[in-house]
Amino acid sequence: MKQPLLFEADPMFTNRQTKAVTFRGKLDLPIHRWYRLTPSFSPTLADDIADHFSLSASDLVLDPFSGVGTVPLCMKYRGIPACSVEINPYLHFVGTVKTRTYRAVENIEQYFSDFMKVFRGKLNTIPFEDRPALYLAEQARFIPRINYPERWWSKGNLAQLVCLRKLLIERVEKTEAHDLLRMGALAILIPVSNAKHNHVSLTYAEKPLPTVDVAGVFEQQLQNMIADLRAVLALPRSEVTIYSGNSKKLSQVLPENGRKVSSVITSPPYPNRFSYARETRPHLFFFDFIGSARAVGQLETDAIGGTWGKATSVLSTGVKPKNELIAKLLKPYIKDIHHGGNLMAHYVTKYFNDLYDHAGEVEKVCEPRCRLAYVIGNSKFYDNPLPSDEILAGIFNHFGFSLDRIDKMRKRQSKSGLHESVVFMKRG
Ligand SMILES: C[S@@+](CC[C@H](N)C(=O)[O-])C[C@H]1O[C@@H](n2cnc3c(N)ncnc32)[C@H](O)[C@@H]1O
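Along every chain, residues carry numbers that run from 1 in the direction the sequence is written. For this predicted model, a pLDDT threshold of at least 70 governs which residues receive local features, and a threshold of 80 or more governs which side-chain atom pairs are given and counted, while totals over whole chains, interfaces and linings are taken from all residues. Hydrogens and water molecules were not included; the side-chain quantities draw on all heavy atoms of the structure.

1. Re the sheet that holds strand S10 (residues 401–411)
The cut-off we apply is this: When DSSP locates at least two bridges between a pair of strands, those strands are taken to pair. Strands are runs of DSSP state E lasting at least 2 residues, helices are runs of H or I lasting at least 4, and numbering of each runs from the N terminus. Interaxial angle, 0 to 180 degrees, is taken between N-to-C directions of lines fitted to C-alpha atoms, where a helix line uses only the stretch in contact.
Spatially, S5-S2-S1-S6-S7-S11-S10 is the arrangement adopted by the seven strands of the open sheet, whose pairing is mixed. Lying at the two open borders of the sheet, with one neighbouring strand each, are strand S5 (240–244) and S10. Averaged over all neighbouring strand pairs, the angle between strand axes comes to 15°, with direction disregarded.

Okay, here's the thing in structure tokens:
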């Protein structure tokens, strides 16, 4: 049955089903399903935008906010060259491992199977069911340096993960197959934890997870990964690169004298205070992608949209619009946000100051006829709506990108007035 129209009529990007917009669209897709990042978008959306732009092998697509690499992964298996940029070192790893080209799948399968023998052999020597604390005390230096690890994992599961972590860290060879093993381990950290995906952000379950067969969960994950690598073997593929860096400095992150970008397909963090650094703490610490809580705070401060830890102290010192354009674009909304206290008004100001820096960098790296598709959600602060899609279009307009149209794709959550849009713009 046809859905009733929620927004203005448009052939493609309005009234979309949840699976065609959100992470739900990737849960059963090869490779895309390796790690669940709840605020990531659906591969269907990336594919539909690529169709809409009629992209081909002669294009170069950029996603400046790579997340788990949805856009470059989709482009790769359509044979369209692509690159992306990600500030979070763990997510950069996920995007890199997912978008590599793997050919010798049998060798990888053998490597996994040899490792599983070693892992199970080691687990047999560890009393993780009845005396996990003993093993944890002995191996204290291999416990991930996350604050309060036992809140994340019950002792029996933590002991098995520490055994897995130790084996993987101590392996001398650092091959692509080894990276896949690490990806497999990172993928099971939440399924064997006391955290749950009940909300957009992870929350702790009321009852900790009892000791489970971590090796069994890990082996299943590895088998899924092998099946996925086989599933894409016959597809066309292009080379894609995931760069580690800050999209507020795009022109320094992408190769100097590199090819200019012909399309941007992306989704920046929404101004909704979701913290990517906080959400990925277990993973950031598991293989030391980050060294300390302080470094996580710095990552959050450097990222767009961060509010957690140190980033909050930065906001409390006060943030001013960086120029008249930002002041003018925010003026109709900022007074109502101030009404509820200054912190949120500073948050919103910093967010759009950052987007301004980003938009200026997009101008430097793209071709004269470049097309842009920015997927973004609006927000509400103290019940006052903030039209992020329109403000973003206003910022890009300043840098010479004209607005084609804003398609409101879907209503978000049950809160009225929240929606996700795709903002289509083109240079010139
Ligand atoms: C909405 S998510 C993108 C999700 C992506 N479309 C996907 O499907 O996985 C936004 C991403 O931008 C990253 N990010 C935030 N600030 C950044 C910055 N200044 N430079 C590069 N990446 C940044 C976050 O770490 C997060 O992964």
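2. Here we look at the pattern of salt bridges
Using the following cut-off: What makes a salt bridge here is a side-chain nitrogen of Lys or Arg within 4 Å of a carboxyl oxygen of Asp or Glu, nothing more. Burial classes follow relative accessibility: with a 1.4 Å probe on protein chains only, a residue under 20% of its type's maximum area counts as buried, one over 50% as exposed, and anything between as partly exposed.
Applying the stated criterion across every chain yields a total of 21 salt bridges. For the salt bridge of Arg171 with Glu173, the shortest nitrogen-to-oxygen distance reads 3.7 Å. By relative accessible area, Glu173 is classed as partly exposed at 32%. The partner of Lys248 in a salt bridge is Asp354, and the shortest N-O contact between them spans 3.3 Å. Here Lys248 is found in the loop between S5 and helix H10 (250–253), whereas its partner Asp354 is found in helix H16 (residues 342–365), with 106 residues between them in sequence. Exposure remark for Lys248: the relative accessible area of 18% places this residue in the buried category.

3. Structural notes on the site of the ligand
Short version of the rule: Only a single heavy atom is needed: when it lies within 4 Å of a molecule or strand, its residue is near that molecule or strand. Under the rule applied, a polar contact is a pair of N or O atoms within 3.5 Å (in protein, one hydrogen donor and one hydrogen acceptor; residues adjacent in sequence only if both atoms are side-chain atoms). Each accessible area value is a Shrake-Rupley result obtained with a 1.4 Å probe; residue values ignore everything except the protein chains displayed when judging cover. Each residue is assigned to one class: nonpolar for Ala, Val, Leu, Ile, Met, Phe, Trp, Tyr, Cys and Pro, charged for Asp, Glu, Lys and Arg, and polar for all the others, Gly among them.
What surrounds the ligand is a group of 24 residues, the closest being Val68, Thr70, Glu86, Asn246 and Ser247. Within the side chain of Glu86, an N or O atom sits 2.6 Å from an oxygen atom of the ligand. Within the side chain of Asn246, an N or O atom sits 2.7 Å from a nitrogen atom of the ligand. Burial of the ligand by the protein amounts to 99% of the accessible area it has alone, namely 600 Å². A per-class count over the shell around the ligand returns 12 nonpolar, nine polar and three charged.

4. Comments concerning the environment of Pro282
Note the following rule: Contacts are assigned to residue pairs with any non-hydrogen atoms lying within 4.5 Å of each other.
Looking at the element boundaries, Pro282 is found in helix H12 (residues 281–286). Classification of Pro282 by relative accessible area gives buried; the value is 1%. Taking the C-alpha atoms as reference points, Pro282 and Val375, 93 residues apart in sequence, are found 27 Å from one another. Contact partners of Pro282, with chain neighbours within four places excluded, come to Ile146, Trp152, Trp153, Leu189 and Ile190.

5. Here's the deal with the packing of helix H4 (residues 105–124) against helix H9 (residues 214–231)
Defined as follows: Any angle between 65 and 115 degrees counts as roughly perpendicular, while under 35 counts as roughly parallel, over 145 as roughly antiparallel, and the rest as oblique.
Packing of H4 against H9 leaves a shortest axis separation of 11 Å and a crossing angle of 180°. In terms of their interaxial angle, H4 and H9 are classed as roughly antiparallel. Mapping the contact onto sequence places Val105, Glu106, Ile108, Glu109, Phe112, Phe115, Met116, Phe119, Arg120 and Leu123 in H4 and Ala215, Gly216, Phe218, Glu219, Leu222, Ile226, Leu229 and Arg230 in H9.

6. Re the packing of aromatic side chains
The way to describe two aromatic rings as a pair is by their centre distance and the angle between their planes. For the record, the criterion: Here a pair means two rings of Phe, Tyr or Trp (six-membered ring of Trp) with centres within 6.5 Å. Their orientation is stacked below 30 degrees between planes, edge-to-face above 60, and tilted elsewhere. A ring is considered to have a charge above it if a Lys NZ or an Arg CZ atom is located within 6 Å of its centre and within 35 degrees of its normal.
In total, this model carries 17 aromatic pairs according to the counting rule given. Considering the side-chain rings of Phe274 and Tyr276, the 4.7 Å spacing of their centres and the 75° angle between planes classify their relative orientation as edge-to-face. By relative accessible area, Phe274 is classed as buried at 8%. One aromatic cluster in this structure is built from Tyr35, Tyr90, Phe93 and Phe289. Over the aromatic face of Phe286 sits the side chain of Arg165, whose NZ or CZ is 5.9 Å from the ring centroid. Geometry around Phe287 places Arg182 over its ring, the cationic atom sitting 5.3 Å from the centre.

7. Some thoughts on the domain arrangement of the protein chain
Cut-off, in case you're wondering: Segmentation into domains, and thus their bounds, comes from an automatic or database assignment. Values labelled buried area give the accessible surface lost by two parts on being combined, using a 1.4 Å probe and summing over both.
You can read the domains of the protein chain as domain 1 (18–101 + 237–290 + 359–427) and domain 2 (105–231). Taking only C-alpha atoms, the centre of domain 1 and the centre of domain 2 are 29 Å apart. Together domain 1 and domain 2 conceal approximately 2,800 Å² of surface at their shared face, both sides included; 66% is due to carbon and sulfur atoms. Its largest share of buried area at the contact with domain 2, domain 1 owes to Trp34, Phe286 and Phe287, together 30% of the area lost on that side. Where domain 1 touches domain 2, the interface holds five salt bridges. Connecting domain 1 to domain 2 are nine residue pairs in polar contact (both at pLDDT 80 or more).

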